Amino acid sequence: MENSEKTEVVLLACGSFNPITNMHLRLFELAKDYMNGTGKYRVIKGVISPVGDAYKKKGLISAHHRVIMAELATKNSEWVEVDTWESLQKDWVETLKVLRYSCERGQGGGEEQRERKRIPRSSLSMEPIAGISSTILESQPTPKSRAEHSTD
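Parameters at a glance
- Residues numbered from 1 in each chain as written.
- Predicted model: local features only at pLDDT ≥ 70, side-chain atom pairs only at ≥ 80, totals over all residues.
- Heavy atoms only, no water.
- Helix = DSSP H or I, 4+ residues; strand = E, 2+ residues; numbered from the N terminus.
- Buried < 20%, exposed > 50% of the residue type's maximum accessible area, 1.4 Å probe, protein only.
- Contact = heavy atoms within 4.5 Å.
- Phe/Tyr/Trp six-rings, centres within 6.5 Å; stacked < 30°, edge-to-face > 60°.

Novice: What is the right way to look at the overall build of the protein in this model?
Specialist: Scanning the protein for helices and strands turns up six helices and three strands. Order of helices (α) and strands (β) in the protein, N terminus to C terminus: β-α-β-α-β-α-α-α-α. Evaluated residue by residue, the protein yields a buried proportion of 34% over its 152 residues. A fraction of 70% describes how many contacts in the protein between residues 6 or more apart in sequence connect residues 24 or more apart.

Shown next as structure tokens:
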């Protein structure tokens, strides 16, 4: 399948990143390898979205510091970047709302981030393929309640 026939994909990871670890970054690489390996997709970017201070998780360091750590961890990446929108919100934002926000923005990231990552501005039409979050699993402990929150 030619690159032009593949669906372009942006990987989005929401979470506390308290702190960000090498395994967080490794998960992006594994997901990218898997998606690209299907022959149907071409991953063009990964986005880390740290949760804001309103999340109130025990031991959660300030969003400002978690964002800085995530930016330092991704500064040499050609394709993974940090989106600060969720971390700057006054109230806690559900993962699905962050996903919708990212889809509405197109590729995510500001103009400076796009330029730094050499991701061309395009008229991508984005829609969720799949997503999961440990927060969703913890807050929705049964398969039935998870299904009620499904985006189909």
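On we go.
Novice: What is the right way to look at the packing of aromatic side chains in this model?
Specialist: Evaluation of the coordinates by the stated rule reveals three aromatic pairs. Their ring planes at 75 degrees and their centres at 6.1 Å tell us that F28 and W79 sit as a pair that is edge-to-face. One end of the pair, F28, is in helix 1 (residues 22-37); the other, W79, is in the loop between helix 2 (63-74) and strand 3 (80-82), with 51 residues separating them in the sequence. Between Y55 and W92 the ring centres are 6.0 Å apart and the planes differ by 35 degrees, which places this aromatic pair in the tilted class. One end of the pair, Y55, is in the loop between strand 2 (41-50) and helix 2; the other, W92, is in the loop between strand 3 and helix 3 (95-104), with 37 residues separating them in the sequence. Among the residues examined, W92 registers a relative accessible area of 39% and is labelled partly exposed.

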